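Letter by letter, the chains look like this.
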Amino acid sequence: MSISFDDSTRVFTLSTRSTTYQMQADPYGFLLHLYYGARTDGYMAYLVTYADRSGMCGCPYDVHDRTYSLDVLPQEFPFQGAGDMRSPLLSVRDASGAFGCDLRYVGYEIRPGKYGLPGLPAVYSDDEADGAETLVVRLRDARLGLMVELLYGVMPELDVITRAARIKNEGAGRITIDRAQSACLDFVHGEFDVISFYGRHAMERMPDRHPVGHGSFSVGSRRGMSSNQYSPVLVLCDHTATESTGRAWGMNFVYSGGFEAQVTGEQFDQTRFQMGLSDDRFSYPLEPGEELVAPEVIMTYSDAGIERVSQNFHRCIRTRVCRGMWRDTPRPVLINSWEAFYFDFTGESLVKLAEKASKLGIEMLVMDDGWFSTRRDDLRALGDWTVNEGKLGGTLAELVERVNALGVKFGLWVEPEMVSEDSELYREHPDWVLAVPGKGPVLGRDQLVLDLSRPEVRENLFAQLCAVFDQANIEYVKWDYNRSIVDTYSRASNDQGKVLYDYMLGLYDLLDRLVARYPKILFEGCSAGGGRFDAGMLYYMPQIWTSDNTDAINRLTIQYGTSFGFPASAMGAHVSACPNEINGRDVPISTRGIAAMQGGAFGYELDLLELPERACEHIREQVRRYHEIESIVREGLFFRLSSPKQDPVCAWEYVTEDGLRAVVSAVRLEVEGYGVASYVVPRGLTPGARYRELDSGVVYPADALMDMGFPLPVTLEANAAVMYRFERMDD
Ligand code: DGJ
């Protein structure tokens with residue numbers, strides 16, 4: 001039993017393998033947060049103090065005790081209107097426009113299995129294997145008839161607790177939801193740092209660590225997408241925590257639209273950590289009988305440093321967010337046409353690329369942007385998903401057959417949520433875009449966003465896409481999305497404050513239908529590179545293009561930052577040409593290969609026909625090496641051994657969960673003078689065991705490796721890389 005309730009104290013205890021979470025419905029019916037930390041028995045109500053420090057803080061009318069204030073007490077679901085002046089999870093208005101509510105505990109339910117969410121992605125459980133349970137805690141505002149069901153999913157083996165909320169109007173009047181966030185952790189004391197992930201197009205998820213002071217540290221997205229700029233992942237940790245020591249808490253939002261994540265140091269040195277929907281352009285009316293679901297947040301805790309938070313996220317997302325046959329299947333090594341040809345290709349040049357690819361062991365060709373309608377540049381034709389047979393020199397089926405005959409699978413690129421002004425679809429349905437009447441819509445990459453909140457728009461896209469996917473043996477689809485949503489006006493809606501949220505429901509509905517109809521297609525997410533790299537998209541597609549930046553050295557930081565919240569199995573990473581198209585850097589092809597093999601969705605993105613034979617030899621060898629290590633990369637425990645931002649060597653490691661095999665990779669970033677020897681210190685090996693490094697045959701004692709490490713070759717030049725494969729000797 002992972003969830004228990006004690007009637008006498010009204011304390012709920014949620015337990016996972018190594019964590020305990022506790023909350024209490026207090027005598028007034030307010031739900032107080034007690035504890036989220038190392039697994040323990042007993043009641044932690046003693047942590048909450050009611051000392052007379054809240055004399056000037058608001059006190060609920062019926063409590064009438066000046067030592068009691070929700071402005072001080074740690075809470076589970078803080079809401080506007082009860083005297084907590086900190087940042088709430090919920091803000092509502094009634095039909096008269098009055099702000100505020102008064103939510104009190106009315107009951108609970110414990111169910112076997114993990115809850116699902118209508119229309120939204122969420123962690124799922126295999127009930128028998130996972131021992132998952134759901135707790136529903138009901139809070140009600142009697143005046144409004146507002147019911148809030150707090151949902152807690154306990155995944156004991158994953159050390160994960162999820163949260164979401166269903167907000168229902170059971171009253172007689174309209175209620176407007178102005179803010180609906182999903183998760184909050186209140187800490188009564190502690191010296192913390194917050195780790196967030198900022199960036200921009202082609203430089204996503206740069207890690208940023210700050211001490212938490214007084215006031216708020218907030219990141220988020222107002223872009224209608226989780227964004228290239230901030231990732232919906234936040235880690236709070238002890239000020240002194242390292243990768244492998246100290247306490248750390250993580251939140252990871254299972255949603256692909258706008259979000260806000262915040263950490264606030266409060267007046268009494270308490271800390272609030274919260275995450276959920278952004279309030280930007282959000283104002284969601286609920287008529288009697290209607291409900292709104294606040295999307296899911298995955299939470300995890302580690303008392304063994306930050307890397308365990310990441311490892312818990314990895315396991316959870318890889319095995320209980322990603323779905324379908326590709327979840328556990330090695331991904332084909334692919335060659336993508338984008339950086340090879342951009343828009344400038346024909347059926348013939350693609351076949352030649354596939355021919356060369358097949359000789360090098362590459363398993364799939366992806367035809368990126370430019371294959372449909374009049375699309376010869378990025379100014380036109382989005383929305384018209386008809387094959388340009390003139391350009392391809394025949395039908396899609398003929399092209400795919402030729403590629404397949406070479407032993408190479410075939411995939412293609414789409415960007416269905418968008419429309420170009422210069423397109424048949426836009427000429428026919430100008431009212432199908434998100435645009436404010438009378439105002440010139442803001443363009444992004446010269447394109448407009450289709451109104452996916454409308455069923456007829458989704459129906460049209462579904463039909464167009466099926467018509468393409470049914471024409472040929474399509475085994476992979478790259479789903480791109482290249483701009484943010486600025487003009488939030490749907491001609492089909494009376495309440496524009498619903499549009500951004502309803503857009504996401506529409507997108508998820510379309511994706512649900514497509515992945516159900518094409519269970520064998522491997523879908524890869526993309527959004528101007530990694531602009532929608534979130535657990536929401538990973539529910540529909542098991543991998544995402546990590547960034548448009550394919551420079552191996554920049555990628556080390558991008559992938560390092562991405563690894564805090566997401567598994568390697570989700571990271572699309574390709575070897576591209578040098579000098580790099582974005583920053584002009586030259587990096588040896590061996591380093592490009594090792595850097596790209598940090599992702600579990602490995603491939604190439606360059607014109608193979610232009611490469612000298614020596615480079616082709618490298619590629620052949622890389623593909624072979626990748627197959628040897630891919631299951632360790634895709635499913636192993638990941639360790640960030642050093643930081644590409646702070647250390648002269650960036651090293652990382654994967655270890656199989658049974659400790660049998662490990663892969664350690666390192667890239668030298670700097671050399672000063674003749675250089676000093678650099679040591680890499682692996683973690684996660686089996687104590688007491690011996691490991692053989694497979695290329696050199698050298699045998700190492702695991703304890704010494706994990707204590708003093710091993711030296712990298714002193715001759716390793718700047719931007720050069722090495723990879724070591726270790727196997728435990730169980731003799
Ligand atoms: C942006 C993506 O990130 C690229 O990989 C490529 O697919 C282009 N779009 C195509 O327009």
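A. Up close: the pattern of salt bridges. Across all of its chains, the model carries 59 salt bridges by this definition. Two residues, Arg86 and Asp186, come together in a salt bridge whose shortest N-O distance is 3.9 Å. A residue pair is termed long-range when its members are at least 10 positions apart, and Arg86 in the loop between β4 (31–38) and β5 (90–93) and Asp186 in strand β10 (residues 175–187) qualify at 100 residues. This pair shows no difference in class: Arg86 is buried, exactly as Asp186 is. Of the charged contacts in the structure, one is a salt bridge between Arg454 and Glu456, with a shortest N-O distance of 2.8 Å. Exposure remark for Arg454: the relative accessible area of 9% places this residue in the buried category. What you see here is one network of salt bridges that share partners, running through Glu621, Arg624, Arg625, Glu628, Asp695 and Arg725.

B. Looking closely at the site of the ligand. Of all residues adjacent to the ligand, which total 13 residues, the nearest are Asp368, Asp369, Lys478, Asp480 and Asp548. Here an oxygen atom of the ligand and a side-chain polar atom of Asp548 are 2.4 Å apart. Among the residues making up the shell around the ligand, the classes are represented as five nonpolar, two polar and six charged.

C. Highlighting the nonpolar core. Counting 217 residues, the largest nonpolar core has Leu90, Ile177, Trp371 and Leu396 as its most contacted members. No other element matches helix α9 (residues 499–517), which puts eleven residues into this core. Non-local contacts of Trp371, meaning those with residues more than four positions away in its chain, are made with Phe345, Trp385, Thr386, Val387, Asn388, Leu412, Trp413, Val414 and Val468. One finds Leu637, Ala662, Tyr691 and Ala720 within the second-largest nonpolar core, a separate group that totals 23 residues.

D. View of the packing of aromatic side chains. Counted under the stated rule, the structure contains 39 aromatic pairs. Relative to Tyr342, the ring of Trp338 has its centre 5.0 Å away and its plane inclined at 75 degrees; by these criteria the two rings are edge-to-face. Members of the aromatic cluster, connected to one another through ring pairs, are Phe253, Tyr255, Phe282, Tyr284, Tyr501, Tyr508, Tyr539 and Tyr540. One residue, Arg640, lies across the ring of Phe564, its end atom 3.6 Å from the ring centre.

E. Spatial organisation of the side chain of Thr264. As for its placement among the helices and strands, Thr264 is situated in strand β16 (residues 259–265). Side-chain polar atoms of Thr264 contact the side chain of Ser216, separated by 2.9 Å. Beyond its immediate chain neighbours, meaning those up to four positions away, Thr264 contacts Gly215, Ser216, Gln270, Thr271 and Arg272.

F. Structural view of the sheet that holds strand β27 (residues 543–545). One closed barrel accounts for eight strands, arranged β20-β21-β22-β25-β26-β27-β28-β29; its pairing is parallel. Averaged over all adjacent pairs, the angle separating strand axes in this sheet is 30 degrees, with direction ignored. Sheet topology places strand β28 (residues 571–576) next to strand β29 (residues 601–605); five bridges connect them, and they run parallel. The partner of Ala573 across the bridge, within β29, is Phe602. Seen against the sheet, helix α8 (residues 455–469) touches β22 (409–414), β25 (476–479) and β26 (522–525) and runs at an angle of roughly 155 degrees to β22.

G. Local environment of the packing of helix α4 (residues 347–360) against helix α13 (residues 613–635). Contact geometry of α4 with α13 gives a least axis separation of 8 Å together with a crossing angle of 60 degrees. As judged from the angle between their axes, α4 and α13 are oblique. Facing α4, whose interface residues are Lys356, Lys359 and Leu360, α13 presents Cys616, Ile619, Arg620 and Val623. Across the contact of α4 with α13, the residue classes break down as four nonpolar, no polar and three charged.

H. Broad picture of unusual backbone geometry. Pro579 follows Cys578 through a cis peptide bond whose omega is -5 degrees. Residue position: Pro579 is located in the loop between β28 and α12 (589–596). Even without being glycine, Ala381 reaches a positive phi, approximately 80 degrees. Relative to the assigned elements, Ala381 resides in the loop between β21 (364–367) and α5 (389–392). In this model, Asn719 sits at a positive phi of 70 degrees, which is unusual for a non-glycine residue.

I. Here's a closer look at the pairing of strand β12 (residues 203–211). In this sheet, β12 lies alongside strand β11 (residues 192–200) in antiparallel orientation, the contact comprising seven bridges. Note on β12: the bridge partner recorded for Arg200 is Met203. Following β11, the chain reverses through two residues before pairing antiparallel with β12; Ala202 in that reversal takes a positive phi of roughly 70 degrees.

What counts as what
Residues numbered from 1 in each chain as written. Predicted model: local features only at pLDDT ≥ 70, side-chain atom pairs only at ≥ 80, totals over all residues. Heavy atoms only, no water. Salt bridge = Lys/Arg side-chain N within 4 Å of Asp/Glu carboxyl O. Helix = DSSP H or I, 4+ residues; strand = E, 2+ residues; numbered from the N terminus. Buried < 20%, exposed > 50% of the residue type's maximum accessible area, 1.4 Å probe, protein only. Near = heavy atom within 4 Å. Polar contact = N/O pair within 3.5 Å; in protein donor to acceptor, adjacent residues only side chain to side chain. Nonpolar A, V, L, I, M, F, W, Y, C, P; charged D, E, K, R; others polar. Core = buried A, V, L, I, M, F, W, Y, C linked by side-chain atoms within 4.5 Å. Contact = heavy atoms within 4.5 Å. Phe/Tyr/Trp six-rings, centres within 6.5 Å; stacked < 30°, edge-to-face > 60°. Lys NZ or Arg CZ within 6 Å of the ring centre and 35° of its normal. Pairing = 2+ DSSP bridges. Axes fitted to C-alpha atoms, helices over the stretch in contact; angles between N-to-C directions. Parallel < 35°, antiparallel > 145°, perpendicular 65-115°, else oblique.

Read these as geometric descriptors, not functional statements.
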